[in-house]
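Structural features, examined
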Amino acid sequence: SADPSDEHYEQIVDSLLASRRFGERWGRYWLDVARYADTKGYVFQEDRNYKGAYKYRDWVVESFNNDRPFDEFVRAQIAADQLAQPEHESALGFLTLGRRFLNNPHDIINDRIDVVSRGLMGLTVACARCHDHKYDPVSTADYYALYGVFASTEEKPRDDAPPALVDSDKPINAAVFLRGSPHNRGPVVDRRFLT
């Protein structure tokens, strides 16, 4: 018969928390937020696979299993290259393992803005690509200021690791795309985070 004592219950909970499957189960939810994929989607003739994508997945699982503090978990995923902590290098897959949208750079940047804003802030910003946000105080100028931040990065392939974003030698300030069209440009906005 089952032991109904509090001590037995605590032992069961502790054994579940100590299981590697704990990180696999809860990491799965975060991987959905991060739009994790092993492949790029349709990209013409190039290899669709992300080399080393699994290392980001394993880093997430390990983070849950090791009870990594959330602030460190987030910081590593958006700035591991600035932290000088090699154990977090695979975390950079958060920004780079999304779809490739036929390698359209505007859609790739939009996807990165979306994963940062929805995934980390609980705020939809991507609709400001075409118009001021209807329900939140996010303007197209805010969107393209953040767009300039991502447009000022380059994707660096790495052997057996997820690609990393690195700062470009030539950062740019982006022009607002009127109604979201890159062929119809408005005023240039300085790179910055959302106001």
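Just above, that's the structure.
In this report, we go over the structure that sits alongside the text. (Residues numbered from 1 in each chain as written. Predicted model: local features only at pLDDT ≥ 70, side-chain atom pairs only at ≥ 80, totals over all residues. Heavy atoms only, no water.)

Throughout the structure, instances matching the rule amount to 14 aromatic pairs. Note on Y143 and Y147: the rings are 6.4 Å apart at their centroids and 40 degrees apart in plane angle, and the pair reads as tilted. Here Y143 pairs with Y147, and both are found in helix α7 (residues 140-151), just 4 residues apart, close to one helical turn. In this pair, the class of Y143 matches that of Y147, namely buried. R25 extends its terminal NZ or CZ atom over the ring of W26, reaching a point 5.9 Å from the ring centre. (Phe/Tyr/Trp six-rings, centres within 6.5 Å; stacked < 30°, edge-to-face > 60°. Helix = DSSP H or I, 4+ residues; strand = E, 2+ residues; numbered from the N terminus. Buried < 20%, exposed > 50% of the residue type's maximum accessible area, 1.4 Å probe, protein only. Lys NZ or Arg CZ within 6 Å of the ring centre and 35° of its normal.)

The α-helix winds at 3.6 residues per turn, so residues separated by three or four positions along the chain end up facing the same way. For α7, built from 12 residues, the straight-helix expectation of 16 Å at 1.5 Å per residue is met to within 8% by its first-to-last C-alpha distance of 16 Å. Of all 12 residues in α7, 9 are buried, a share of seventy percent or more. Among the residues of α7, those classed as buried are T140, D142, Y143, Y144, A145, L146, Y147, G148 and F150. Close packing links the buried residues of α7 with α5 (93-96), α6 (105-121), β1 (153-158), β2 (161-167) and β3 (175-177). (Expected span 1.5 Å × (residues − 1). Contact = heavy atoms within 4.5 Å.)

On to the packing of α6 against α7. Where α6 meets α7, the closest approach of the two axes is 10 Å, and the angle between their N-to-C directions is 110 degrees. Taken together, α6 and α7 sit at an angle that is classed as roughly perpendicular. The residues of α7 that touch α6, namely those facing H106, I109, N110, R112, I113 and V116, are Y143, L146, Y147, F150 and A151. Looking at side-chain class alone, the contact of α6 with α7 contains 8 nonpolar, 2 polar and 1 charged residues. (Axes fitted to C-alpha atoms, helices over the stretch in contact; angles between N-to-C directions. Parallel < 35°, antiparallel > 145°, perpendicular 65-115°, else oblique. Nonpolar A, V, L, I, M, F, W, Y, C, P; charged D, E, K, R; others polar.)

Residues Y9, V13 and L17 make up a contiguous nonpolar surface patch of about 290 Å² in total accessible area. Structurally, Y9 can be placed in helix α1 (residues 6-18). Residue classification places Y9 among the exposed residues on the basis of a relative accessible area of 57%. (Patch = residues over 30% accessible without salt bridge, like charges linked within 9 Å, V, L, I, M, F, W, Y side chains within 5 Å. Areas by Shrake-Rupley, 256 points an atom, 1.4 Å probe, with all protein chains shown as cover. Salt bridge = Lys/Arg side-chain N within 4 Å of Asp/Glu carboxyl O.)

So, on to the pairing of β2. Counting buried residues along β2, 5 of its 7 residues qualify, which places the element largely inside the surrounding structure. For β1 and β2, the ladder comprises 5 bridges, and the chain directions are antiparallel. From the neighbouring strand, E155 faces β2, where its bridge partner is L165. What sits between β1 and β2 in their antiparallel hairpin is a turn of 2 residues, with D160 showing a positive phi close to 55 degrees. (Pairing = 2+ DSSP bridges.)

We now examine the side chain of Q77. Summarising the element assignment, Q77 is placed in helix α4 (residues 70-83). Within the structure, the side chain of Q77 is placed 2.5 Å from the side chain of Y56, a separation counted as a polar contact. Not counting residues within four places of it along the chain, the set of residues in contact with Q77 comprises W30, Y56, W59, A91, L92, F94 and L95. (Polar contact = N/O pair within 3.5 Å; in protein donor to acceptor, adjacent residues only side chain to side chain.)

In this section: unusual backbone geometry. Of note in the backbone geometry, R35 takes a positive phi value of approximately 45 degrees without being a glycine. Within the secondary structure, R35 is located in the loop between α2 (20-33) and α3 (53-65). By relative accessible area, R35 is classed as buried at 19%. Here the phi dihedral of F101 falls at roughly 50 degrees; this positive angle occurs in a residue that is not glycine. Within the secondary structure, F101 is located in the loop between α5 and α6.

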